[in-house]
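# Descriptive analysis of the structure
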Amino acid sequence: MIEARFDGTWEGWRDTARGLLANEIRPQEVLWTQETGQQALSGILATVDTGTSVPLRVPRGFLEDAAVVACHRSPEPWAVLYRLLYRLTHGERHLLEVTSDKDVLEFRRMEKAVRRDIHKMHAFVRFRKTGENRYVAWHRPDHRIARINAPFFVRRFGSMHWAILTPDESAYWDTQTLRFGPGVPRSEAPAQDDLEELWRTYYASVFNPARVKVNAMVKEMAVRHWPTLPEADIIPKLLAEAGTRVEVMGAARRESAAPFVPETVELPVLREAAAVCEGCDLHRHATRTVFGEGPLDGGVVFVGEQPGDLEDLAGRPFVGPAGQLLDEVLREAGIDRESLYITNAVKHFKFEERGKRRIHQTPRGVEIAACRPWLEAEMKILQPRLIVCLGATAAQSVFGRAVRVNAERGQFLPNHMAEAAFVTIHPSALLRMPDPAMAAAERSRFVEELRRVRAWLG
Ligand code: URA
């Protein structure tokens, strides 16, 4: 047995794991031990030579997700991470696609829990003013997320001096530099201040009585967070008034991504916010948000329907069978996929589970509408010349109304998000056609339409 001692951080684990891999140490031979204090300022491998570490050749996105999983408090994620890493680099390169695999399931379960906690921290951190432009917040997350979450607060509150204290670790920002220090107990965080009144007023104004479900509320805003939330003491009053306010408000508000969409001109900020979107129910079952990707200045955006099974796992649009067909057809039409920004009308995979398989389900109108604010925000940043809608769902989102593809395809139509929008079929429609002759004819028409797109773009 090899005892792998490291400092309990993601970086420490990663360096140690590299050393183990370089020495071909199998997961079952490793005992992961977290050290604190001087002897473990960086990852230290006790009994094997770390001098010869190897670059990690793993599927795109794995290390990013692994860094999230590394924040999971319990059970310790290190052994699962090393098992996956070992298997991915020893002949099981596509392991992450095997969603029923025990290690993969555990990895995704931890990832989901941590991402949810990250999202909650965005919502529940409340700063208290301690001096001129100086603010302190204390928060108790479920997982060790102070470090991974700090860049979000830097972007949001970059011009403030702030400290976010958590029992595990604390983050400090002085408008220039982000630093980390030890955890801080609740008793050391400031309690009262003038910001609280502001928060209470704000909370009362956004409190939506039509959506009150006390049990759900307790679940979302764990009672544990209440002492740190200034609005907590007005909740009973708001709940008592809820009945009357529902009548005044009329129908409950629709599900929408809008409250999750930040005002920003930066696509990475938008992408990060979309990762924690809970604007409709689809996020509950999907692995993750699949956001758009591609160059910002290509002038053309292709919009699909929603990620499929493989896209949901890979976190990238059009990488499965429909994506491969799209690649072929684009090539025949003389369009370089790399020059396109590709996104979807709906950013979470909607499916039905049948045994081990996840079968695609077409999103409903309310889901398309709920997700539309993301597409609008993407287009506002990209300002494309042309939007190409692949199929009816994409067209419905782009035009904001139901579109019959056969009636409107092949034309450059006016649209508020671009100079023009163009409707064509979705590649998976070709994959579903039972008659090969019909599929071949439709494919030629698809290629011909994309050639016209290329010509229009010049
Ligand atoms: N189908 C889509 O519409 N989008 C994808 O990303 C994959 C398949």
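## Digging into the sheet that holds strand S6 (residues 161-165)
One open sheet accounts for 5 strands, arranged S4-S5-S6-S7-S8; its pairing is mixed. The strands lining the two open edges of the sheet, one partner per strand, are strand S4 (128-131) and strand S8 (178-182). Across this sheet, the average inter-strand angle for adjacent strands is 20°, counted without regard to direction. In terms of strand pairing, strand S7 (residues 169-173) meets S8 through 5 bridges, oriented antiparallel.

## Considerations on the confidence of the model for the protein
Overall, the prediction assigns the protein a mean pLDDT of 85, with 81% of residues at 70 or greater. Scored below 50 in pLDDT, residues 37-49 shows 32 contacts in the model against residues more than four places distant or in partner chains. Predicted confidence is poor over residues 245-253, with pLDDT under 50, and the contacts of this stretch with residues over four places away or in other chains come to 11 contacts.

## Examining helix H4 (residues 102-124)
Since the α-helix packs 3.6 residues into each turn, any two residues three or four apart lie on the same face. Over its 23 residues, H4 runs 33 Å from end to end, which matches the ideal 33 Å to within 8%, given 1.5 Å per residue. One side-chain oxygen at the N-terminal end of H4 lies 2.9 Å from the backbone nitrogen of Asp-103; it belongs to Asp-101.

## Examining the site of the ligand
Around the ligand sit Gly-304, Glu-305, Gln-306, Pro-307, Gly-308, Glu-311, Pro-317, Phe-318, Asn-344 and His-426, and those are all the residues in its vicinity. Within the side chain of Asn-344, one N or O atom sits 2.7 Å away from a nitrogen atom of the ligand. One of the side-chain N or O atoms of His-426 is found 2.7 Å from an oxygen atom in the ligand. Out of a free accessible area of 240 Å², the ligand has 93% covered by protein chains. Each residue belonging to the shell around the ligand can be placed in one class, and the counts come to 3 nonpolar, 5 polar and 2 charged.

## Observations regarding the packing of helix H2 (residues 62-69) against H4
The geometry of H2 relative to H4 is characterised by a closest axis approach of 8 Å and an angle of 65° between their N-to-C directions. The pairing of H2 with H4 is recorded here as roughly perpendicular in orientation. Read as a crossing pair, H2 and H4 show a hand that is left-handed. Each of Phe-62, Asp-65, Ala-66, Val-68 and Val-69 in H2 lies in contact with H4, whose residues at this interface are Phe-107, Arg-108, Met-110, Glu-111, Val-114 and Arg-115.

## Focus on the pairing of S7
Within S7, 4 of the 5 residues are buried, which leaves the element mostly enclosed by the surrounding structure. Inspection of the sheet shows S6 paired to S7 by 4 bridges, in the antiparallel sense. Along S7, the bridge assignment pairs Ala-163 with Tyr-172. In this structure, the hairpin formed by S6 and S7 is closed by a connection of 3 residues. Hairpin remark: S7 followed by S8, antiparallel, with 4 residues in the connecting loop; positive phi at Thr-175, about 80°.

## Focus: the packing of aromatic side chains
Using the criterion set out here, one finds 15 aromatic pairs in the structure. Centre to centre, the rings of Trp-13 and Trp-32 are 5.8 Å apart; their planes meet at 35°, and the pair counts as tilted. With Trp-13 in helix H1 (residues 10-22) and Trp-32 in strand S2 (residues 30-34), this pair connects stretches of sequence that are 19 residues apart. Trp-32 sits in the buried class, given a relative accessible area of 15%.

## Here's the deal with the nonpolar core
The biggest cluster of nonpolar side chains holds 58 residues, and the ones touching the most others in it are Phe-302, Trp-374, Ile-387, Val-398, Phe-399 and Leu-450. In terms of residue count, helix H12 (residues 365-382) provides more of this core than any other element does, 8 residues in total. Ala-4, Val-30, Tyr-86 and Leu-96 belong to the second-largest nonpolar core, a separate cluster that totals 31 residues.

## Observations concerning the pattern of salt bridges
Scanning all chains against the criterion turns up 37 salt bridges. Here Arg-288 makes a salt bridge to Asp-65, at a shortest N to O gap of 2.5 Å. With Arg-288 in the loop between helix H9 (267-274) and strand S9 (300-304) and Asp-65 in helix H2, the pair connects residues that are 223 residues apart, well separated along the chain. By relative accessible area, which is 11% here, Arg-288 ends up buried. A salt bridge links Glu-169 to Arg-147; the nearest nitrogen and oxygen atoms lie 2.6 Å apart.

Conventions we followed
- Residues numbered from 1 in each chain as written.
- Predicted model: local features only at pLDDT ≥ 70, side-chain atom pairs only at ≥ 80, totals over all residues.
- Heavy atoms only, no water.
- Pairing = 2+ DSSP bridges.
- Helix = DSSP H or I, 4+ residues; strand = E, 2+ residues; numbered from the N terminus.
- Axes fitted to C-alpha atoms, helices over the stretch in contact; angles between N-to-C directions.
- pLDDT = per-residue confidence, 0-100.
- Contact = heavy atoms within 4.5 Å.
- Expected span 1.5 Å × (residues − 1).
- Polar contact = N/O pair within 3.5 Å; in protein donor to acceptor, adjacent residues only side chain to side chain.
- Near = heavy atom within 4 Å.
- Areas by Shrake-Rupley, 256 points an atom, 1.4 Å probe, with all protein chains shown as cover.
- Nonpolar A, V, L, I, M, F, W, Y, C, P; charged D, E, K, R; others polar.
- Parallel < 35°, antiparallel > 145°, perpendicular 65-115°, else oblique.
- Left-handed = near helix turned anticlockwise from the far one by under 90°.
- Buried < 20%, exposed > 50% of the residue type's maximum accessible area, 1.4 Å probe, protein only.
- Phe/Tyr/Trp six-rings, centres within 6.5 Å; stacked < 30°, edge-to-face > 60°.
- Core = buried A, V, L, I, M, F, W, Y, C linked by side-chain atoms within 4.5 Å.
- Salt bridge = Lys/Arg side-chain N within 4 Å of Asp/Glu carboxyl O.

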